[in-house]
Amino acid sequence: DTGVSQDPRHKITKRGQNVTFRCDPISEHNRLYWYRQTLGQGPEFLTYFQNEAQLEKSRLLSDRFSAERPKGSFSTLEIQRTEQGDSAMYLCASSLGDRGVSDGYTFGSGTRLTVV
Amino acid sequence: DQQVKQNSPSLSVQEGRISILNCDYTNSMFDYFLWYKKYPAEGPTFLISISSIKDKNEDGRFTVFLNKSAKHLSLHIVPSQPGDSAVYFCAASNNNDMRFGAGTRLTVKP
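A brief structural summary. Along each chain, residues carry numbers from 1 onward, in the same order as the chain's sequence is written. Written order determines the labels here, with chains lettered from A and ligands numbered from 1. pLDDT decides what is reported in this predicted model: residues at 70 or higher carry local features, side-chain atom pairs at 80 or more are listed and counted, and totals for whole chains, interfaces and linings draw on all residues regardless. Based on all heavy atoms of the structure, the side-chain values leave hydrogens and waters out of the count.

Let's talk about the environment of Ser-19 of chain B
Residue and element names in this part refer to chain B. Along the chain, Ser-19 falls in strand 3 (residues 19–25). Exposed residues in this analysis have more than 50% of their type's maximum accessible area, buried residues have under 20%, and partly exposed residues fall in between, with area computed by a 1.4 Å probe over protein chains only. For Ser-19, a relative accessible area of 0% puts it in the buried group. Distance from Ser-19 to Ser-80, taken between C-alpha atoms, is 6.3 Å for residues 61 residues apart in sequence. Setting aside its immediate chain neighbours within four residues, Ser-19 contacts Leu-11, Val-13, Leu-75, His-76, Ile-77, Ser-80 and Leu-106. Within the local environment of Ser-19, its side chain forms a polar contact with the side chain of Ser-80, the two groups lying 2.6 Å apart. Starting at the N terminus, helices and strands are each numbered in turn, a helix being any DSSP run of H or I of at least four residues and a strand any DSSP run of E of at least two. Whether two residues touch is decided by their heavy atoms; if any such pair falls within 4.5 Å, the residues are in contact. Here a polar contact means two N or O atoms within 3.5 Å. Within protein one must be a hydrogen donor candidate and the other an acceptor candidate, and residues neighboring in sequence count only if both atoms are side-chain atoms.

A closer look at a nonpolar patch on the surface
All names here are of chain B. Taken together, the side chains of Ile-18, Ile-20 and Val-78 make up a nonpolar region of the molecular surface, amounting to roughly 220 Å² of accessible area. In this fold, Ile-20 is placed in strand 3. The exposure class of Ile-20 is partly exposed, given its relative accessible area of 35%. Nonpolar side chains (Val, Leu, Ile, Met, Phe, Trp, Tyr) within 5 Å and like charges within 9 Å form the patches, drawn only from residues with over 30% relative accessible area and no salt bridge. Note on areas: these come from Shrake-Rupley sampling with a 1.4 Å probe, and a residue is covered only by the protein chains present in the view. A side-chain nitrogen of Lys or Arg and a carboxyl oxygen of Asp or Glu constitute a salt bridge if their distance falls within 4 Å.

Quick look at the nonpolar core
Among the nonpolar cores identified, the biggest contains 23 residues, and Phe-33, Trp-35, Leu-73, Leu-75 and Tyr-88 of chain B are the most heavily contacted of them. For this core, the secondary structure elements donating two or more residues are strand 3, strand 4 (32–38), strand 5 (45–51), strand 7 (62–67), strand 8 (72–77), strand 9 (86–94) and strand 11 (104–109) of chain B. At four residues, strand 9 of chain B tops the list of elements feeding residues into this core. Not counting the four nearest positions on each side in its chain, Leu-75 of chain B is found in contact with Ser-19, Ile-20, Leu-21, Trp-35, Leu-47, Ile-48, Phe-62, Thr-63 and Tyr-88 of chain B. Among buried residues, those of type Ala, Val, Leu, Ile, Met, Phe, Trp, Tyr and Cys that are joined through side-chain atoms within 4.5 Å constitute a nonpolar core. Ranked by size, the runner-up nonpolar core spans 19 residues in total, among them Val-19, Phe-65, Ala-67 and Ile-79 of chain A.

Here's the deal with the environment of Val-13 of chain B
Residue and element names in this part refer to chain B. By the element assignment, Val-13 lies in strand 2 (residues 10–14). Since its relative accessible area comes to 11%, Val-13 is described here as buried. Put simply, Val-13 and Lys-109 are 96 residues apart on the chain and 6.2 Å apart in space, counted from C-alpha to C-alpha. When neighbours within four sequence positions are excluded, Val-13 is seen to be in contact with Ile-18, Ser-19, Ser-80, Leu-106, Thr-107, Val-108 and Lys-109.

Observations concerning the side chain of Gln-6 of chain B
All names here are of chain B. Among the secondary structure elements, Gln-6 is positioned in the loop between strand 1 (4–5) and strand 2. On the accessibility criterion, Gln-6 (7% relative accessible area) is buried. Only 3.0 Å separates the side chain of Gln-6 from the backbone oxygen of Tyr-88, close enough to count as a polar contact. Here Gly-103 takes part through its backbone nitrogen, which lies 3.0 Å from a polar atom of the side chain of Gln-6.

Examining the pairing of strand 7 of chain B
All names here are of chain B. Two strands pair if DSSP finds at least two bridges between them. Two elements, strand 6 (residues 56–59) and strand 7, share four bridges in a ladder whose sense is antiparallel. Residue Asp-59 lies in a different strand from strand 7, and its bridge partner there is Phe-62. Here strand 6 folds back onto strand 7 in antiparallel fashion, the turn holding two residues, of which Gly-60 has a positive phi close to 65°. One ladder, built from six bridges, connects strand 7 with strand 8; its direction is antiparallel. Pairing of Asn-67 across the sheet is with His-72, part of strand 8.

Observations regarding the side chain of Lys-38 of chain B
Relative to the helices and strands, Lys-38 of chain B is located in strand 4. At 7.9 Å, Glu-42 of chain B is the nearest oppositely charged side chain to Lys-38 of chain B, a buried residue that forms no salt bridge. For the purpose of charge, His is not counted, nor are the chain termini; Lys and Arg are scored as positive and Asp and Glu as negative.

Topic: the sheet that holds strand 1 of chain B
If you trace the five strands from one edge of the open sheet to the other, you get 1-3-8-7-6 (chain B), paired in antiparallel fashion. Strands with a single pairing partner mark the edges of an open sheet, and in this sheet they are strand 1 and strand 6 of chain B.

A few points about the interface of chain B and chain A
In this complex, chain B contributes 19 residues to the contact, which on the side of chain A involves 21 residues. When the two sides are added together, the surface that chain B and chain A hide from each other amounts to roughly 1600 Å², 53% of it contributed by carbon and sulfur. Across the contact surface, chain B and chain A share zero salt bridges. Viewed at the interface, chain A and chain B are joined by six residue pairs in polar contact (both at pLDDT 80 or more). Counting residues per element, the side of chain B that touches chain A draws most heavily on strand 4 of chain B, which supplies four residues. Following the grouping adopted for this structure description, the nonpolar residues are Ala, Val, Leu, Ile, Met, Phe, Trp, Tyr, Cys and Pro, the charged ones are Asp, Glu, Lys and Arg, and the polar ones are all others, Gly among them. When its residues are assigned to classes, the side of chain B that touches chain A shows 10 nonpolar, six polar and three charged. Note on definitions: buried area is the accessible-area loss of two parts on being combined, 1.4 Å probe, summed for both.

What follows is the structure, given as structure tokens:
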């Protein structure tokens, strides 16, 4: 297993366009998390899945954001009608059950979104 | 609400000396405290953690100390090496809620 993979690594889009990011977690990890990181800040929680169920969403996740994990494997994060304030690094992480609470999450390298 | 704070954005130390990174938190319900390390163009990598019922955890050159009464934890790296140069994030977790600090950029000079 090569760890958590995220695609694309970089995305530049015009304001108002829709974008979709993909995350492939470690295969045996049933929990998947999305975080957003802006310059000079730490990662901020957006949402998480246990298998295919989306169990929690942050208030940061506006109606323009939607995440899916249809078969409990890979996940997608879609942002509709992008705004300049959406420019950030979007990080995906995974863990095996609640072991991540003590053993840490495994993060991907992130997708850097720039909205122009 | 910023429940995890790292008040020092940067720290510079000489190779071989001790690096001490600090972190404060406000929520006494956190069960675990973690440190992650991040290199440029990579995601954060888990380094070490400590349970809220412990006051010290050591792993090789890395030791984390927890002072619950002060709601403060620190990461000690000794001896520091140039390869330790990275951004270090403090995190605190309670069930599935993991909060991160803003990070401290550590530079270890040869």
